[in-house]
Amino acid sequence: MGPTAGVVLACVLRWGAAAGAGAALGAALALLALPLPPLEIAIALVALGCGLALAWRLLGEVGFERRLERARDVGWLAAAATLAFGPVAAIVAAGALRWTALSPTVDQPGPVLAAWATLAVGALLTAFPLLALDQRAMAALAKPARAASALALIGGATAATVLLCMPSNHAGALAPLLPFLPPLLLVTLAALHGAPLAGAALLACTSAGALATASGSPWWAGSLQPGALATGTWLATQAAMLLILHAGAVEARWREQRWEWALDGSRLGVADWHVHRGEGFASTAWRTLAPAQAAAWSPATWLAQVHPDDRSHLEAAIALIDSGQAGRLPLELRMRHDGGWRWRQATLLVIERGPDGRPARILATLADIEERHEAQDRQRLSASLFQHLHEGLLVTDAELRVLEANPAYGEILGVAREQLVGTVPSLLSPAPDDARARQQRAEMWAALREQGSWRGELDERAADGSLRTLQATISAVPGADRRISHHVLVISDITEQRQQRERLERQALYDELTRLPNRAHLSTLLAEAMAVADRDGFLVAVCYLDLDRFKPVNDRFGHAAGDRLLVELASRLRNTLRRRDQWADVAARLHGDEFVLLLRAGSIDEVRRAIVRVLRVLSQPYLVDSSAAPVPITTSLGATLYPLDRSDPETLLRHADHAMYEAKQSGRNGYVLFDPASRREREALAMAQEEIEQALDRGELMLRYQPKVDMRSGRVVGFEALLRWEHPFKGELPPHSFLPCIEDDRLLVRVGDWVLSQALEHLAQWRRDGLDFAVGVNVSARHLRRPDFAAQLAALIARHGHDLAPYLELEVVETAAIAAEDSPTTTEQMKLCRELGVRFALDDFGTGYSPLRYLKDLPADTLKIDRSFVHNMLDDAQDRGIVEGIISLARTFGCSVVAEGVETPAQARMLLELGCDIGQGTGIASPLRAQQVAQWVRDFRGMFVIAPAGAADGLARLGG
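Conventions adopted
Residues numbered from 1 in each chain as written. Predicted model: local features only at pLDDT ≥ 70, side-chain atom pairs only at ≥ 80, totals over all residues. Heavy atoms only, no water. Salt bridge = Lys/Arg side-chain N within 4 Å of Asp/Glu carboxyl O. Helix = DSSP H or I, 4+ residues; strand = E, 2+ residues; numbered from the N terminus. Buried < 20%, exposed > 50% of the residue type's maximum accessible area, 1.4 Å probe, protein only. Contact = heavy atoms within 4.5 Å. Polar contact = N/O pair within 3.5 Å; in protein donor to acceptor, adjacent residues only side chain to side chain. Phe/Tyr/Trp six-rings, centres within 6.5 Å; stacked < 30°, edge-to-face > 60°. Axes fitted to C-alpha atoms, helices over the stretch in contact; angles between N-to-C directions. Left-handed = near helix turned anticlockwise from the far one by under 90°. Nonpolar A, V, L, I, M, F, W, Y, C, P; charged D, E, K, R; others polar. Parallel < 35°, antiparallel > 145°, perpendicular 65-115°, else oblique. Pairing = 2+ DSSP bridges. Arc of directions from axis to C-beta. Patch = residues over 30% accessible without salt bridge, like charges linked within 9 Å, V, L, I, M, F, W, Y side chains within 5 Å. Areas by Shrake-Rupley, 256 points an atom, 1.4 Å probe, with all protein chains shown as cover. pLDDT = per-residue confidence, 0-100.

**Q** Would you mind going over the pattern of salt bridges with me for this structure?
**A** Two side chains bearing opposite charge may form a pair once their charged atoms approach each other closely. One pass over the full model with this rule turns up 42 salt bridges. Here the salt bridges do not stand alone but share partners, grouping Lys708, Glu720, Glu809, Glu811, Lys864 and Glu900 into one network.

Below, the structure written as structure tokens:
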């Protein structure tokens, strides 16, 4: 029953419940075949079932592994058989037999203990070999020699067991040795071929012994009864011995496997060499790292696998170890692997020495360091590239502090590596001083935050102060936590390329002489201006300029002088251009002396004012030869307005060109607007001129007089005659609202004669009334250029019968005076007027272009400071400086100085402090009618005196 139960338990554990059920059915049939009562057979089956169930449940709870590859599993199998199955089956059977009265003797402990032992030993004898036998155990018998030795040992053990268990002694003199012979053979079998095979042999011995004792007790049992108990004890001893051997073997193999797994996991191969015995061992990891065809390992085998260039190093290391000069030596070798060579790290270690101190046992380790060598090669290559790269390379930490910089970076910017490390380079500064650089940095950091990298151009000053243009690439490098850990900056100097590119662009898009855009570039600029005008709703004036009588300059002074004139004209055009944040006017040269302007304006009147301003600037004389006087050159200009003239760019230029020719035909030194609005404006101008002429005839023009007083003494020194138009519908109109309409017309001379006549008549009346002051009259350049101007003025003075000339001051605007200086006729007229005793004043001084030589030669007695400078001098240091400069010039050239536009006491005090005593403006008095002048003078008691220190305004008003 015991062996049968062991078979069932082994089948359940190894192949599952189905196999166990089949084995149990076979055991039941075997029991039914015995000559026993059916009740006893049933009791036997129930007892076996109870014991097997408890043993199976116990093994399941403790995590039993059926392969018996751990010592604990062997122990649990023995425990399940001896402590679960054996006692339960014996007790259940004994109880059932006693309860059924089939065997009343089972209430004694002896039979129960015997049954317990018999069942446990029998179960172990069958369960152990069935569970432990596997492919590895059977592979030991694959070789004929090993199979023969195993069968011989099994046969010897079986024969000895049979002789030992027979009722009579058939061994003769060898009988005393029989009890020891089967254990010895079984242990030998276990040592040579494994305990599982020895367990199967023990099962065979048990079966043979059982058959031998069937006819009686063993011959050696003597008085030991029952005889089966002696045999069972002997077999149990053999079974325990084999179980202990197997447990030790599997535990040793488990430790060896763990050691192998540890070496394999660390990718470390180990070889062990017994020097005196010539034996060697190489681990699985070693054979993986250094595959060899030879089954045994030796240093010679190892040497054969080493690269020829490294073999001498290994031989020298082995020699040092063998001589006892070193106990541990590491070295790196190249070894053959997969048809190539891979680097290995080898270490030789003496782990046992002989009595003479020489190494007796050497341990060698081998590790794969190919990846480390590759990393070192890559590192060396990277370091070499870093040092020899032509581009500058900079590595910073997350806070932009420099960690490393290659030599090229220092060469490009002239900064030593030692100065960079640990600092934040100026190239990565978020807010440099230069506006263009700030814009570049802003774009760089925005892209770096959004995309993690940026590529573009940066402007940076080198250590020597030179400006460099750099092609830069910057990248953010994330760390293990995905936060930025480093920044990498790569730069290359493209200053020369940029300069070359700009030179090519200038050659392709700009005129070589004047540096203005050429015709090709103008087309692009005009198209862009038209698109912006459509978007923003303003006008673009396309102006075509041509110099008047430019050819005589070339003929007289040469082409070099003509080129200098064109360069100066281009410079003046640039200075007249207006620039705003979103747009700028454009000047371009087409060819020769023909230029184009693109002017932005909100209205036609603004266009006209801009054109007049340009023509005024361009009409100033040009110094083309240092040995000759400046040359006066005028300009004819034609313009068309987009989108009033909604044409394509070429057509717009053609329309402006036509308008320019019309301006030339109209007498030069003027402008013509091509578009319909300009024609309507010309018609309106003609009507305005006719209306002004009718106003003169109807007596609607009149003079107002604004006082000029000595602000320090409070004395009236003169009046300035100001023209007004008493329009029947529009009321009183100032001169700037109607005089520009007749500026280029003969009517301007007629109006000027009328103003002189009226002013002299009023002056004569005031002189007769006993008033002593001068009167200033504004004279236009056109009026002054009239050949008979001085004669006409002399006639007007003589008409009144008084010498009014010393009390008459002709006021000429600065630009008109300069033009007069360059006109022989005008100069002659001014000299004749001075001979009459008439004085001259330069009006609006400081707003034109007055070289000091002109101021020296001009017959000017008074300089009048323009009201714009006086108005802003309290808040604008530049305007205050201009005022002070004009006062200083007046002293230098012996002229008096008058400040226009005095409106506040603070302005008056500032003028007095600067040395200007005479002022005029609404702060003194508004312009008066002629009938009010005499009474105003008689009532005037002074204007300002210096107030005490600490007064609120600094001046106090006195009198009228």
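**Q** What am I meant to see in the environment of Ser466 here?
**A** The residue Ser466 is located in the loop between β8 (453–461) and β9 (467–478) in this model. For Ser466, a relative accessible area of 25% puts it in the partly exposed group. Along the sequence, Ser466 and Leu413 sit 53 residues apart, while their C-alpha atoms lie 9.2 Å from each other. Apart from residues no more than four positions distant in its own chain, Ser466 is found in contact with Glu460 and Arg461. At a separation of 2.7 Å, a polar atom in the side chain of Ser466 contacts the side chain of Asp464.

**Q** What exactly am I supposed to notice about the packing of aromatic side chains here?
**A** What the rule picks out here adds up to seven aromatic pairs. Centre to centre, the rings of Phe719 and Trp766 are 6.3 Å apart; their planes meet at 40°, and the pair counts as tilted. Of this pair, Phe719 sits in strand β17 (residues 715–727) while Trp766 sits in helix α25 (residues 747–768); the two residues are 47 residues apart in sequence, bridging distant segments of the chain. According to the relative accessible area criterion, Trp766 is buried, its value standing at 4%. On the basis of an interplanar angle of 85° and a centroid distance of 5.6 Å, the ring pair of Trp725 and Phe738 is categorised as edge-to-face.

**Q** Explain the packing of helix α21 (residues 559–576) against helix α22 (residues 604–618) to me, please; I cannot follow it from the model alone.
**A** For any two helices packed against each other, one specifies the inter-axial angle together with the distance between the axes. Contact geometry of α21 with α22 gives a least axis separation of 10 Å together with a crossing angle of 145°. Read as a crossing pair, α21 and α22 show a hand that is right-handed. Counted together, Leu569, Arg572, Leu573 and Thr576 of α21 and Arg613, Val614, Val617 and Leu618 of α22 form the full contact between these two elements. For the contact of α21 with α22, the class distribution of residues is five nonpolar, one polar and two charged.

**Q** Any chance you could explain the packing of helix α7 (residues 144–165) against helix α8 (residues 181–193) here in plain terms?
**A** α8 packs onto α7 with a crossing angle of 160° between their chain directions and a minimal axis gap of 8 Å. On the basis of the axis angle, α7 is roughly antiparallel to α8. The handedness of the crossing between α7 and α8 is left-handed. Contact with α7, carried on its side by Arg146, Ser149, Ala150, Leu153, Ile154, Gly156, Ala157, Ala160 and Thr161, involves Leu181, Pro182, Leu185, Leu186, Thr188, Leu189, Leu192 and His193 of α8 and no other residues of that element. Its residues assigned to classes, the contact of α7 with α8 comprises eleven nonpolar, five polar and one charged.

**Q** Explanation requested: unusual backbone geometry in the structure shown.
**A** The phi angle of most residues is negative, glycine excepted, and most peptide bonds adopt the trans form. The omega angle of the peptide bond from Tyr642 to Pro643 is 15°, so this bond is cis rather than trans. With respect to the helices, strands and loops of the structure, Pro643 is situated in the loop between β14 (635–642) and α23 (649–665). Positive phi is not limited to glycine here, since Arg515 has a value of about 65°. By relative accessible area, which is 44% here, Arg515 ends up partly exposed. Notably, Arg668 is not glycine yet its phi reads approximately 65°, a positive angle. Positionally, Arg668 belongs in the loop between α23 and β15 (671–673).

**Q** Even after reading the chapter, I still don't get the sheet that holds β8, so can you show me in this structure?
**A** Two strands in a sheet stick together by hydrogen bonds in their backbones, pointing the same way (parallel) or opposite ways (antiparallel). The five strands are arranged β7-β6-β10-β9-β8 in an open sheet whose pairing can be described as antiparallel. Each edge of the open sheet carries a strand with a single partner, namely β7 (402–405) and β8. Taken pair by pair, the neighbouring strands of this sheet meet at an average axis angle of 25°, ignoring direction. Each of β8, β9 and β10 (484–493) touches helix α17 (residues 435–451); the most contacted strand, β8, lies at about 160° to it. Its contacts with the sheet put helix α18 (residues 495–509) on β8, β9 and β10, and the angle it makes with β9 is roughly 125°.

**Q** What is the right way to read helix α27 (residues 789–799) from this model?
**A** Every α-helix carries 3.6 residues per turn, so stepping three or four residues along brings you back to the same face. Here α27 has its buried residues at Phe789, Ala790, Leu793, Leu796 and Ile797. Along α27, the residues classed as buried sweep out an arc of 125° about the axis, all on the same side. Exposed and oriented more than 90 degrees from the buried face of α27 are Ala791, Ala798 and Arg799. Of the surrounding elements, those touching the buried residues of α27 are α25, α26 (781–784), β20 (808–813) and α29 (824–836). Downstream of α27 by one or two residues, Gly801 has phi in the positive range, about 75°.

**Q** Quick question: what am I supposed to make of the side chain of Asp546 here?
**A** Along the chain, the position of Asp546 falls in strand β11 (residues 539–547). In this structure the side chain of Asp546 is engaged in a polar contact, spanning 2.8 Å, whose partner is the side chain of Lys664. Asp546 has contacts with Asp593, Glu594, Thr635, Ser636, Met660 and Lys664, leaving out every residue within four places of it along the chain.

**Q** Is there a simple way to explain a nonpolar patch on the surface in this structure?
**A** A contiguous nonpolar patch, built from Leu25, Leu29 and Leu32 and spanning about 320 Å² of accessible area, is present on the exposed surface. Along the chain, the position of Leu29 falls in helix α2 (residues 17–32).

**Q** It is not clear to me how the confidence of the model for the protein chain should be interpreted in this structure. Could you clarify?
**A** Fine structural detail should not be taken from predicted coordinates in areas where pLDDT scores are low. When pLDDT is averaged across the protein chain, the result is 80; 84% of the residues are at 70 or more. Considering only residues more than four positions removed or in separate chains, one finds that residues 944–960, a stretch of pLDDT under 50, has 35 contacts.

**Q** Can you walk me through the side chain of Asp511 in this structure?
**A** With respect to the helices, strands and loops of the structure, Asp511 is situated in the loop between α18 and α19 (519–536). In contact with Asp511, other than residues within four places in its own chain, are Leu516, Pro517, Asn518 and Arg589.

**Q** Is there a simple way to explain the sheet that holds strand β13 (residues 594–601) in this structure?
**A** If you trace the five strands from one edge of the open sheet to the other, you get β12-β13-β11-β14-β15, paired in mixed fashion. Both outer strands of the open sheet, β12 (586–591) and β15, are each paired with one neighbouring strand and no more. Strand-to-strand, the axes of this sheet are offset by a mean angle of 20°, without reference to chain direction. In this structure, β14 lies alongside β15, joined through three bridges in parallel fashion. Each residue of the ladder has a partner; that of Leu637, found in β15, is Tyr671. Helix-sheet contacts for α23 involve β11, β13, β14 and β15, and the interaxial angle to β14 is about 145°.

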